[in-house]
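As a plain string of letters, each chain reads:
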Amino acid sequence: MLYIVLFFLMFSLLLYVLLGGADFGAGIVELFSSRENRKITRDTIYRVMGPVWEANHIWLIILLVILWVGFPGYFNVMMIYLHIPLVLVLLGITIRGVAFVFRHYDAVLDSSQIWYNRLFRIGSIITPVFLGMSFASLISGKIIITNDYTNYGFYDLFMEPWLHLFGLLIGLFYAALCAFLASNYLIAETEGDARKLYRKKSAMYTVVLVILGFILLVYGYFAGFKFIEDFIHNPVSLISVGISGLLLIPLWRNIKRGNRIWSRYLAGLQVVLVMFAAIMAHFPYIIITAEEELSLLENLAPEATIDNLAIMLLIGGFVILPGLFHLMKSFNMIKILDKSKPKEM
Amino acid sequence: MENLDYARLQMAFTLGFHIIFACIGMVMPFFMVVSHHKWLKTRNPIYLRLTKAWLKGVAIFFATGAVSGTALSFELGMLWPEFMKHAGPIFGMPFSLEGAAFFVEAIALGFYLYGWKNLPEKFHWFTGIIVGVAGVASGILVVSANGWMNAPSGFDYINGEFLNIDPVQALLNPAWFTQALHMTLAAFVATGFAVAGVHALQIFRGKNVELHTKAFKIAIVFGAVAAFLQPLSGDLSAKDVAERQPVKLAAMEAHYETQNGAPLYIGGIVDEENREVNFKIEIPGALSFLAFGDFDAEVKGLNDFPDDELPPVPIVHYAFQLMVGLGTLLMLAGLVYFISLKKKHWLKSRKYWLLFIITAPLGFIALEAGWVVTEVGRQPWIIHQVMRTEDAVTPMPGMKYSFFFYLLLYIILGITVTWLMNRQLKALNKEE
Ligand code: HDD
Ligand code: HEM
Ligand code: HEM
């Protein structure tokens, strides 16, 4: 039963990183585009992501619920010590979520669109950056779990763990990963000039990603982050990252040949491998504090709860996944490809 | 004020904000589906226009509900980490089921919003029903989690430890049914009257009367029927509270002395120092009857409970009076509507429309007041008789800033949504 829960935990994390990530990434691509291209991206995002937009973000809630029900001790540490970066993540989620809807459902098209667009783009970049920073703080070795508020100040306990260069690098790395995913995703959804555009974007973000990843490893290593040391010494992690790098070759072949479906899966697989590498480097000790490492498996809820949660997840999975696939298929996207603008509702 | 107070204020404010959007997200799909059905049956284009206009509104409300709900899921942990550490594994089941309900809702909404062209008509309409049903299901599930905080069950609490956890029993806690029933009805009352009121205002101003009259009729039927059932369900809730949280009942009624045949107070100013209520109207024996179905039953007063287990009595009392008062009023307004079905000429009178403009916000006010009764009435406990709120709060200082941050963010959001709705209405009226 525990393994079912762990499976769903990883599964929803993965889907959030992939689907939510592609969503953030689309906003980032839009942010760093020229004026005309922004318009194209905006319309493509609406057509492609619109129907699944809500569903993409519920993975975060599922993830959260699994954590708090199944791994309460773990959740407790995250919620206390990552309070501030998580508030910033929420700010990002809030503004991009509402701006996305406002810009498509506002009854009047006027200058307020400029604001919605701005908020959507800004939200799209701050959310993954702070998500990355939150994750970084878990493995930074800077969290201090204590009740001693006389010796430790506010800054030591609640800022220091996340506010550092290493965290920022991971944040940017995740943001670049999102943009990489989104541009590959968008290649498959467009035709002609727009496609060329996303192809260029995809190349650009690949380069950014590789450079950032390299800086991250080198900096992390020399700054003595335990996580990076363990990462480098973990064969599974290294091999996964290696494969992910090698996959760039078939990815590029497929993109060139215009094989849309494969290029999308390959990009997804690459991201999965990178994530897998990061998690394997330290599994199950996913929180590294200043003194100790907290194991996911030692902070479990009682057995009855785990069993119940597993059953609920299985039932939920059987109800949801077929519907979700059907939704994705119905609006698929690849088949429809009508270049006409989405009909006004 | 302390950190704890700000954390509470933030919880109250963000929940109070979310509930408005959640209720609209729960109930509006039903209005939409009715209008959509009428379109399919009559092919009167007005119904199509109405359905699509509501749909745009729902999309906006839905997004706001979803982001504020996501924030809430984090907040439960961020504000009350000690609570979630122990409660999470026990009352997690409704939330994991709710996750499934959200998914179903989001998937169905995807179909409904984007399926006008590509889906078979009937199936498309049916996805609208699923949106509504899944919304109500998620509402019921969260309220069950809240019920558990009022009536903790499904575990043994021994020496500060939570043992023998049974998530199913926690889900089916003694409070879940009355609370979920009352809440679901409340959502229909509040949304029904609010939507009806918005359309009544347009009719009052003589704008696009035909469309707005159709809209009004759909919304008000739901609101009026629910408003009739609401006091009945409220009575069930009160009997339930009397049994499981006698302090809360006493605070609702500002009832200090334990008494047989206790009187019901209507109105009145609570004097906390002298432990009495001034300027009230008294109905002898009525409280005993309402709480226990017997005019002579003993109702325990606040004086019989330890001082450090009392909630803030005036807030609970005033909120309760407000809810019940407004509930009675809305029931009467519902009655007016039912009578107007017979007396058609009322629809021509401006007073009739004015009435429904005035009642527009009242349902939501009653709903917020009701939550204040439930939540503030549970104080000082976060889990009734098990864990105190002050022991659950986050150790992080500076909640003040967090509270003002959310206050500002949500006020801006609230204003924007209102402004957007106004634009939708204007656009709708222009189409005429
Ligand atoms: C439109 C909104 C509305 C209206 C008209 C009423 N209520 Fe209510 N009431 C609620 C909306 C609400 C609520 C916001 O939905 C609450 C909060 C928690 C809950 O389950 O429902 C609630 C709670 C609540 C409780 C506390 C339940 C608990 O703590 O477990 C009682 C005793 C009543 N109500 C009783 C009544 C009575 C006797 C009414 C007679 C007219 C009434 N309510 C009208
Ligand atoms: C009585 C109180 C509540 C009711 C009736 C309620 C009901 C709902 C409903 C019907 C929705 C669907 C969205 C919409 O239609 O706008 C929703 C959204 C949401 N609610 Fe609440 N809710 C309540 C309190 C809470 C609480 C306390 C939490 C957090 C623990 C929460 C978490 C969420 C989340 C995460 C969503 C977004 C789901 C999505 O992305 O669609 N809600 N709520
Ligand atoms: C949406 C309708 C709701 C409203 C308007 C509401 C309102 C409030 C208010 C006013 C407080 C502050 C009480 C005080 O400190 O004096 C509060 C506290 C709280 N509520 Fe609710 N509540 C709602 C639903 C829920 C639900 C569904 C849950 C849980 C599943 C919940 C969980 C909490 C928690 C954990 C606290 C903080 C601890 C406490 O003060 O006891 N609430 N809420």
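Everything numeric in this text was worked out from a predicted model, so none of it was measured.

Asks: If you had to explain the overall build of chain B to someone new, which residues and values would you point to?
Replies: Each helix and strand in chain B was counted, giving 14 helices and ten strands. Since a compact globule built from 432 residues should have a radius of gyration of about 22 Å, the 23 Å found for chain B is in line with a globular shape. Reported as C-alpha extents along the three principal axes, the dimensions of chain B are approximately 65 × 45 × 40 Å. Scored against the burial criterion, the 432 residues of chain B give a buried share of 59%. In chain B, the proportion of contacts linking residues at least 24 apart, taken out of those at least 6 apart, comes to 77%. For chain B, the accessible surface area stands at approximately 17600 Å², while carbon and sulfur atoms represent 66% of it. Here chain B contributes 32 positively and 34 negatively charged side chains, and the mean placements of these two sets differ by 23 Å.

Asks: Quick one: what's the story with the coordination of the iron atom of ligand 3, residue by residue and with numbers?
Replies: Within the protein, a single donor atom binds the iron atom of ligand 3, namely E375(B) (OE) at 1.9 Å. Looking at the element boundaries, E375(B) is found in helix α12 (residues 362-376).

Asks: Hey, could you go over the site of ligand 3 for me, with residue numbers and the actual values?
Replies: Residues and elements named next belong to chain B. Near ligand 3, the surroundings consist of 23 residues, among which R8, L15, E375, R378 and Q379 are the closest. One of the side-chain nitrogen or oxygen atoms of E375 is found 2.5 Å away from a nitrogen atom of ligand 3. Interatomic distance of 2.8 Å between a side-chain N/O atom of Q379 and an oxygen atom of ligand 3. Of all elements in the fold, only α1 (3-42), α3 (81-114), α4 (121-150), α12 and β9 (381-383) reach the threshold of two or more residues within the shell around ligand 3.

Asks: Break down the coordination of the iron atom of ligand 1 for me, with residues and values.
Replies: Residues and elements named next belong to chain B. The coordination sphere of the iron atom of ligand 1 contains the protein donors H182 (NE2) and M323 (SD), at a distance range of 2.0 to 2.3 Å. Given six donor atoms and angles of 82 to 180 degrees at the metal, the environment of the iron atom of ligand 1 is assigned as octahedral. Taken together, the residues span a long stretch of sequence, with H182 in helix α6 (residues 176-204) and M323 in helix α10 (residues 313-342) at a distance of 141 residues. Residue H182 is classed as buried on the basis of its relative accessible area, which comes to 17%.

Asks: Describe the interface of chain B and chain A, with residues and values.
Replies: Contacts between the two partners involve 63 residues from chain B and, on the opposite side, 61 residues from chain A. Buried surface at the junction of chain B and chain A, both sides included, amounts to about 5700 Å², of which 79% is carbon and sulfur. Contact with chain A buries surface across chain B, with F74(B), F103(B) and Y114(B) losing the most and accounting together for 14% of the total. Our enumeration of links across chain B and chain A arrives at zero salt bridges. Across the chain B-chain A interface, the total number found is six residue pairs in polar contact (both at pLDDT 80 or more). Of all elements in the fold, only α2 (45-79), α3, α5 (167-171) and α14 (399-431) of chain B reach the threshold of two or more residues within the side of chain B that touches chain A. If one sorts the elements of the side of chain B that touches chain A by residue count, α3(B) sits on top with 22 residues. Here the side of chain B that touches chain A is built from residues that sort into 43 nonpolar, 14 polar and six charged.

Asks: Any details on the environment of M32(B)? Residues and values, ideally.
Replies: Residue and element names in this part refer to chain B. Considering the arrangement of structural elements, one finds M32 in helix α1. C-alpha of M32 to C-alpha of L249: the two residues are 217 residues apart in sequence and 38 Å apart in space. Residues contacting M32, with those up to four places away along its chain left out, are T51, W54, L55, V58 and Y112.

Asks: Summarise the environment of I140(B); cite the residues concerned and give the values.
Replies: Residue and element names in this part refer to chain B. If you trace the backbone, I140 turns up in helix α4. Classification of I140 by relative accessible area gives partly exposed; the value is 28%. Spatially, the C-alpha atoms of I140 and F177 are 8.7 Å apart, while their sequence positions differ by 37 residues. Those residues in contact with I140 that lie beyond four places of it in its chain are W176, A180 and T184.

Asks: Tell me about a positive patch on the surface, residues and numbers included.
Replies: Taken together, the side chains of K38(B), K41(B), K217(B), K342(B) and K344(B) make up a positively charged region of the molecular surface. For K38(B), the position within the fold is in helix α1.

Asks: Before we move on, can you summarise a nonpolar patch on the surface with the specific residues and values?
Replies: Residues and elements named next belong to chain B. The grouping of V221, V225, F228, L229, L232, L332, L335 and I339 at the surface amounts to a nonpolar patch, some 630 Å² of accessible area in total. Elements supplying a minimum of two residues to the nonpolar patch: α7 (209-244) and α10. Looking at the nonpolar patch, the element that brings in the most residues is α7, giving five residues. Within the secondary structure, V225 sits in helix α7. Given the relative accessible area of 40%, V225 is considered partly exposed.

Asks: Quick rundown of the pattern of salt bridges? Include the residues and the values.
Replies: Residue and element names in this part refer to chain A. Counting across every chain of the model gives ten salt bridges over all chains. The partner of E30 in a salt bridge is R121, with the nearest N and O atoms 2.8 Å apart. Of this pair, E30 sits in helix α1 (residues 2-31) while R121 is found in helix α6 (residues 112-138), placing the two residues 91 residues apart along the sequence. Ionic contacts of the salt-bridge type, sharing partners, join the residues E30, R103 and R121 into one network.

Asks: Requested: an account of the packing of aromatic side chains, with residues and values cited.
Replies: For the coordinates displayed, the defined rule picks out 46 aromatic pairs over all chains. With a centroid separation of 5.9 Å and an interplanar angle of 55 degrees, the aromatic rings of Y112(B) and W116(B) are classed as tilted. Classification of Y112(B) by relative accessible area gives buried; the value is 0%. Site record: aromatic cluster; members linked through ring pairs are W68(A), F75(A), F83(B), F91(B), F95(B), W148(B), F155(B), Y157(B) and F162(B). The ring of W115(A) is capped by R118(A), whose NZ or CZ atom sits 5.1 Å from the centre of that ring. Lying across the ring of W39(B), R43(B) places its NZ or CZ 5.0 Å from the centre.

Asks: I'd like a description of the site of ligand 1, backed by residues and values.
Replies: Residue and element names in this part refer to chain B. Contacts to ligand 1 come from 24 residues, most closely from H182, K248, M323, L367 and T374. Backbone polar atom of Q179 to an oxygen atom of ligand 1: 3.3 Å apart, as the coordinates give it. Of all the secondary-structure elements, those providing two or more residues to the shell around ligand 1 are α6, α7, α8 (246-253), α10 and α12. With seven residues, the top contributor of residues to the shell around ligand 1 is α7. A breakdown of the residues in the shell around ligand 1 according to their chemical character gives 13 nonpolar, nine polar and two charged.

Rules used in this analysis
Residues numbered from 1 in each chain as written. Chains lettered and ligands numbered in written order. Predicted model: local features only at pLDDT ≥ 70, side-chain atom pairs only at ≥ 80, totals over all residues. Heavy atoms only, no water. Helix = DSSP H or I, 4+ residues; strand = E, 2+ residues; numbered from the N terminus. Rg over C-alpha atoms; globule rule 2.2 N^0.38 Å. Buried < 20%, exposed > 50% of the residue type's maximum accessible area, 1.4 Å probe, protein only. Contact = heavy atoms within 4.5 Å. Areas by Shrake-Rupley, 256 points an atom, 1.4 Å probe, with all protein chains shown as cover. Lys, Arg positive; Asp, Glu negative; His and termini not counted. Charge placed at Lys NZ, Arg CZ, Asp CG, Glu CD. Donors = N, O, S within 2.8 Å, 3.2 Å for Na, K, Ca; no water. Near = heavy atom within 4 Å. Polar contact = N/O pair within 3.5 Å; in protein donor to acceptor, adjacent residues only side chain to side chain. Tetrahedral: all angles 85-135°; square planar, octahedral: opposite > 155°, others 65-115°. Buried area = accessible area lost by both parts, 1.4 Å probe. Salt bridge = Lys/Arg side-chain N within 4 Å of Asp/Glu carboxyl O. Nonpolar A, V, L, I, M, F, W, Y, C, P; charged D, E, K, R; others polar. Patch = residues over 30% accessible without salt bridge, like charges linked within 9 Å, V, L, I, M, F, W, Y side chains within 5 Å. Phe/Tyr/Trp six-rings, centres within 6.5 Å; stacked < 30°, edge-to-face > 60°. Lys NZ or Arg CZ within 6 Å of the ring centre and 35° of its normal.

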